[in-house]
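Breakdown of the fold
Residue strings, one per chain:
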Amino acid sequence: MQVRQLEITGAFEFSPKSFPDHRGLFVAPFQGPAFAEATGHDLQVAQTNHSVSARNVIRGVHFADVPPGQAKYVYCPQGALLDVVVDVRVGSPTFGRWEAVRLDSAEYRALYLAEGLGHAFVALTDDTVMNYLCSTPYNPSAEHGINPLDPALGLPWGDLDGEPVLSDKDRDAPSLAEAREAGLLPDYEECLAHYEKLRSA
């Protein structure tokens, strides 16, 4: 398992080795020891999510209140998608910046997003599957969104072959500036304290 820490604190890319043979293929997209070595703590999984998306579907930008927040370890077992991590933590040196990683069923890379980071993706093929390992259960009262088409963010949807497809909830979500003004965004220092608590547990 190869690991790359992204420039946004709390985000990591994991690249597992796959083992193809005449029967098919075996791969382990999540490996606990590699994850713990990279992040300094184990991944507590409280819920797994599974989504199927048509081409050009955008989901996100989603994040949750911290604490407790919701960390996500995501990979794509079918199809291909462009996964985007957005730093929405007020006070972060990379606030408002994003990084994108292609996840697909050819290389089975995975992306980890720590609590407080925003998450979005666009499906590049029909029937694209996303699997999520989530650190906390779904809590609608603590979940928030930012409009993925916010021009101030400039997320990398420009190469889509067609119009983006969004849920009404994501299309009606506030811009990053509006979410900040409304006090919806996580605080960077509180997130760092939460990460340290996980490492010392």
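Quick caveat, the model's predicted, so the values are computed rather than measured.

1. Looking at the pairing of strand 2 (residues 11–15)
- With 5 of its 5 residues buried, strand 2 lies for the most part within the structure.
- As judged from the 4 bridges shared by strand 1 (residues 2–5) and strand 2, these two strands associate in the antiparallel manner. In the sheet register, R4 faces strand 2, and the bridge partner there is E13.
- The antiparallel pairing of strand 1 with strand 2 creates a hairpin that spans 5 residues between the two strands, and G10 there sits at a positive phi of about 100°.
- Both strand 2 and strand 10 (residues 110–113) contribute to a ladder of 4 bridges, which runs antiparallel. For E13, the partnering residue across the bridge sits in strand 10 and is L111.

2. Digging into empty space enclosed by the protein
- For the structure shown, the criterion picks out 1 cavity of 30 Å³ or more.
- The calculated volume of the largest cavity comes to roughly 70 Å³.
- Taken together, H62, F63, A64, Q70, K72, L113, A114, G116, L117, H119 and E143 make up the full set of residues lining the largest cavity.
- The dominant element in the lining of the largest cavity, judged by the number of residues it contributes, is strand 6 (residues 58–64), at 3 residues.

3. What about the sheet that holds strand 13 (residues 143–145)?
- A sheet is described by the order of its strands in space; here 5 strands give the open sequence 9-8-11-6-13, paired in antiparallel fashion. At either end of the open sheet lies a strand with only one pairing partner, and these are strand 9 (98–104) and strand 13. Within this sheet the neighbouring strands show an average axis-to-axis angle of 25°, counted without direction.
- Bridging between strand 8 (residues 80–86) and strand 9 involves 7 bridges; their strand directions are antiparallel. Looking across to strand 9, one finds that A80 is bridged to D104.

Parameters at a glance
Going along each chain's sequence as written, the residues are numbered from 1 onward. For this predicted model, a pLDDT threshold of at least 70 governs which residues receive local features, and a threshold of 80 or more governs which side-chain atom pairs are given and counted, while totals over whole chains, interfaces and linings are taken from all residues. Side-chain descriptors were evaluated using all non-hydrogen atoms of the structure, hydrogens and water having been removed beforehand. Partly exposed describes any residue whose relative accessible area lies between the buried limit of under 20% and the exposed limit of over 50%, with all areas from a 1.4 Å probe on protein chains only and scaled to the type maximum. What counts as a helix is a DSSP run of H or I of at least four residues, what counts as a strand is a run of E of at least two, and both are numbered from the N terminus. Think of it this way: DSSP has to see at least two bridges between two strands before they count as a pair. Cavities and pockets are defined on a 1 Å grid built over the protein atoms alone: a cavity is a set of grid points where a 1.4 Å probe fits but cannot escape, while a pocket is an open set with protein on both sides within 12 Å along at least five of seven lines, and lining residues are those with an atom within 4 Å of any such point. Grid points are joined across faces, edges and corners, and a volume is the space filled by probe spheres set on the points. Angles here are taken between N-to-C directions and fall from 0 to 180 degrees, while the axes themselves are lines fitted to C-alpha atoms, restricted in helices to the stretch in contact.

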